[in-house]
Amino acid sequence: MIGLEIYIDIAPGKRQEFLQTVETLLEERPVIDSACADRAVFERHGAPNRFLWHENWEDREALEAHLASAEFRTLLGALRVLGETHDLRIVSPELRDDLGELLASNTG
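Computed from a prediction, not measured in an experiment: that's the story for all the values here. (Residues numbered from 1 in each chain as written. Predicted model: local features only at pLDDT ≥ 70, side-chain atom pairs only at ≥ 80, totals over all residues. Heavy atoms only, no water.)

(A) Inspection of the side chain of His66 at higher detail. Tracing the chain through its elements places His66 in helix α2 (residues 60–67). If we ignore the near neighbours within four places in the chain, the residues touching His66 are Leu4, Glu55, Trp57, Glu71 and Phe72. (Helix = DSSP H or I, 4+ residues; strand = E, 2+ residues; numbered from the N terminus. Contact = heavy atoms within 4.5 Å.)

Structure (structure tokens):
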């Protein structure tokens, strides 16, 4: 599994339009046989109008195909009209530590 994260600061006065756009984008069904496992949008607590767009992909090849697609360019275009996109990241298991053992040791 590999993730894509895009941080977005929404322009003042564009919040409602952004939320409606996101709702529509999230409701769209991925293409049949899509390697996109899931996608979601999160708002940063205490920072109104700062959001994180997150997608999980089955593998790097599928993610790279998505990044080269017209669908992805459309997504970025919509986000840029509504605010400022920054800090686009690819998140993979190789780039982060597994904290499962730490969490397990703190619950017992």
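(B) Representation of the side chain of Glu55. With respect to the helices, strands and loops of the structure, Glu55 is situated in strand β3 (residues 50–57). Here Glu55 is buried and forms no salt bridge, its nearest opposite-charge partner Arg39 lying at an N-O distance of 4.6 Å. There is a polar contact of 2.9 Å between the side chain of Glu55 and the side chain of Trp53. Reaching out from Glu55, the side chain makes a polar contact with the side chain of Trp57 at a distance of 2.9 Å. Setting aside residues no more than four positions away along its own chain, Glu55 makes contact with Ile2, Gly3, Leu4, Asp38, Arg39, His66 and Leu75. (Buried < 20%, exposed > 50% of the residue type's maximum accessible area, 1.4 Å probe, protein only. Lys, Arg positive; Asp, Glu negative; His and termini not counted. Salt bridge = Lys/Arg side-chain N within 4 Å of Asp/Glu carboxyl O. Polar contact = N/O pair within 3.5 Å; in protein donor to acceptor, adjacent residues only side chain to side chain.)

(C) Molecular detail of the pattern of salt bridges. Tallied over the entire structure, the rule returns 5 salt bridges. Residue Arg50 is joined to Asp9 by a salt bridge in which the shortest nitrogen-to-oxygen separation is 2.6 Å. Residue Arg50 is found in strand β3, and its partner Asp9 is found in strand β1 (residues 2–10); the two are separated by 41 residues along the sequence. The salt bridge involving Glu43 is made with Arg15; its shortest N-O contact spans 2.7 Å. Remark: Arg15 occurs in helix α1 (residues 15–27) and Glu43 occurs in strand β2 (residues 36–43); sequence separation between them is 28 residues. By relative accessible area, which is 36% here, Glu43 ends up partly exposed.

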